[in-house]
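Coordinate inspection notes
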Amino acid sequence: MPELEAVIREIAEEMRARPDRGEVASYIPELARADANAFGIAVVDREGRVVTGGDAEVAFSIQSVSKVFTLTLALGKIGDRLWRRVGREPSGSPFNSIVQLENEHGIPRNPFINAGAIAVTDVILSGHQPRDTLGEILRFLQFLAEDPAIGIDEAVAASEQRTGFRNRALANYMKSFDVLENPVDYTLGVYFHHCAITMSCRQLAMAGRFLAHNGRNPTTGFSVVSPERARRINAIMLTCGHYDGSGEFAYRVGLPGKSGVGGGILAVAPGKASIAVWSPGLDASGNSHLGRIALERLTQRMGWSIFG
Ligand SMILES: NC(=O)CC[C@H](N)C(=O)O
């Protein structure tokens, strides 16, 4: 097997030089400031070794990658009752789509499209104040990444609060079916803020370790979730983590993964590694263009696809 360091170095070099970089998201105005030339990658293996390339230490807006961690928290809070409020089927629709909600009585298809993630956020919020809920999400990420230096970009959160009319529509629509328990503005406030959390590739790869190792941190042995739950979160990442690009991601990369419009992707090679990539330019489905190509290279070279 090739050496991981050499593979990462080659990938970072190729991605730095490629002219095709995708389009930086601009529907959240503050995200449009991201540098399309940025590229970072970090891999944490089973032994806890971290191998990085490019801008792996630069913090970026994790956006929808946060939905993996809010799903984990919501399952921890109410277990399988969560599935009364949100489904677990791929939507085949864009991440911010509303079309299925009417036919399906306000129950979103899965926890990773915006509607589903807003419903998940509402579950975590119930019984708490928005500020405490956000604190809980942040502390969870800091604990998983073993790094207290993870925060929220208030300018991104404010930018999305100002312009998030679609998310407001989704939330109001679900509220009309009693799928949300809390005031819409509270739930959305927490949602916008957890999307605006900033992390580097290194921090994100560290935070994803439990998903790659049966629910445990492989270095400390600390159990975050049961093996069964880790397996199921991975299954939803594989089938729904890239919206209407999930089939293409499985076909090309062959790993559970979750993308965000900030250009980050968290990917999980079960038993082997937790991987984070970041490049702000997106493809037509809103997934990182170079991030996906980098992961495709990595799984091919290392033989890490879950499909053999
Ligand atoms: N795909 C994404 O990363 C979308 C997240 C973004 N905060 C939104 O709600 O639109």
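All of these numbers come straight from a predicted model, not from anything done at the bench. (Residues numbered from 1 in each chain as written. Predicted model: local features only at pLDDT ≥ 70, side-chain atom pairs only at ≥ 80, totals over all residues. Heavy atoms only, no water.)

1. Side note on the UniProt feature "binding site: substrate" (unreviewed entry) in the protein
In the numbering adopted here, UniProt assigns the feature "binding site: substrate" (unreviewed entry) to Ser 64, Asn 114, Glu 160, Asn 167, Tyr 191, Tyr 243 and Val 261. When its relative accessible area of 3% is taken as the criterion, Glu 160 is described as buried. Residues in contact with Glu 160, not counting those within four places in the same chain, are Ile 28, Gln 63, Asn 167, Tyr 191, Phe 192 and Cys 195. On the basis of relative accessible area, Tyr 191 is assigned to the buried category, the value being 1%. Leaving out residues up to four positions away in the same chain, Tyr 191 has contacts with Lys 67, Asn 114, Ala 117, Ile 118, Thr 121, Glu 160 and Asn 167. A polar contact is formed between the side chain of Tyr 191 and the side chain of Asn 114, at a distance of 3.3 Å. (UniProt positions renumbered as here; feature names shortened; annotations may be inferred. Buried < 20%, exposed > 50% of the residue type's maximum accessible area, 1.4 Å probe, protein only. Contact = heavy atoms within 4.5 Å. Polar contact = N/O pair within 3.5 Å; in protein donor to acceptor, adjacent residues only side chain to side chain.)

2. Here we look at the environment of Glu 57
Considering the arrangement of structural elements, one finds Glu 57 in the loop between strand 3 (50-54) and strand 4 (60-61). A C-alpha to C-alpha distance of 8.1 Å links Glu 57 and Gln 203, two positions 146 residues apart in sequence. Glu 57 has contacts with Thr 52, Ser 200 and Arg 202, leaving out every residue within four places of it along the chain. Within the structure, the side chain of Glu 57 is placed 2.9 Å from the side chain of Arg 202, a separation counted as a polar contact. (Helix = DSSP H or I, 4+ residues; strand = E, 2+ residues; numbered from the N terminus.)

3. Quick notes on the packing of aromatic side chains
Scanning all chains against the criterion turns up six aromatic pairs. Taking 5.0 Å as the distance between ring centres and 5° as the angle between the ring planes, the aromatic pair formed by Phe 60 and Trp 278 counts as stacked. Taken as a pair, Phe 60 in strand 4 and Trp 278 in strand 9 (residues 273-278) lie far apart in primary sequence, 218 residues in all. Judged by its relative accessible area of 7%, Trp 278 falls in the buried class. Here the guanidinium or amino end of Arg 88 rests over the ring plane of Trp 83, the centre of that ring lying 5.2 Å away. (Phe/Tyr/Trp six-rings, centres within 6.5 Å; stacked < 30°, edge-to-face > 60°. Lys NZ or Arg CZ within 6 Å of the ring centre and 35° of its normal.)

4. Quick look at the pairing of strand 8 (residues 264-269)
Taking burial as the measure, the six residues of strand 8 include six buried ones, the bulk of the element. Where strand 7 (residues 257-259) meets strand 8, three bridges bridge the pair, whose relative direction is antiparallel. Residue pairing for strand 8: Gly 257 is matched across the bridge by Ala 267. Where strand 7 folds back onto strand 8 in an antiparallel hairpin, the turn is made up of four residues, including Gly 263, whose phi is positive at roughly 100°. Summarising the sheet, strand 8 and strand 9 pair through six bridges and their orientation is antiparallel. Bridged to Ile 265 within strand 9 is Val 277. As consecutive antiparallel partners, strand 8 and strand 9 are separated by three residues, and within that stretch Gly 271 has a phi angle of approximately 80°, a positive value. (Pairing = 2+ DSSP bridges.)

5. Some points on the site of the ligand
Around the ligand, a shell composed of 13 residues is seen, among which Tyr 27, Gln 63, Ser 64, Glu 160 and Tyr 191 lie nearest. Residue composition of the shell around the ligand, by class: seven nonpolar, five polar and one charged. (Near = heavy atom within 4 Å. Nonpolar A, V, L, I, M, F, W, Y, C, P; charged D, E, K, R; others polar.)

6. Observations regarding the sheet that holds strand 2 (residues 40-45)
Spatially, the five strands line up as an open sheet ordered 3-2-9-8-7, and their pairing is antiparallel. Each edge of the sheet is formed by a strand with only one pairing partner; in this case those strands are strand 3 and strand 7. With strand direction ignored, the average angle separating the axes of adjacent strands in the sheet is 10°. Two elements, strand 2 and strand 9, share six bridges in a ladder whose sense is antiparallel. Among the inter-strand pairings, Ile 41 is bridged to a residue of strand 9, identified as Val 277. (Axes fitted to C-alpha atoms, helices over the stretch in contact; angles between N-to-C directions.)

7. Section: the sheet that holds strand 5 (residues 151-152)
The sheet built from three strands is open, its strands ordered 4-6-5 with antiparallel pairing. Looking at the sheet topology across the chains shown, the edges are occupied by strand 4 and strand 5. Summarising the sheet, strand 4 and strand 6 (residues 197-199) pair through two bridges and their orientation is antiparallel. Paired with Phe 60 across the strands is Met 199, a residue of strand 6.

8. Topic: the state of the cysteines
Counted according to the given criterion, the structure contains zero disulfides. Among the cysteines around Cys 195, which has no disulfide bond, Cys 240 carries the closest sulfur, lying 17 Å off. Residue Cys 201 stays outside any disulfide, its sulfur separated by 18 Å from that of Cys 195, the closest cysteine. On the basis of relative accessible area, Cys 201 is assigned to the buried category, the value being 0%. (Disulfide = S-S within 2.5 Å.)

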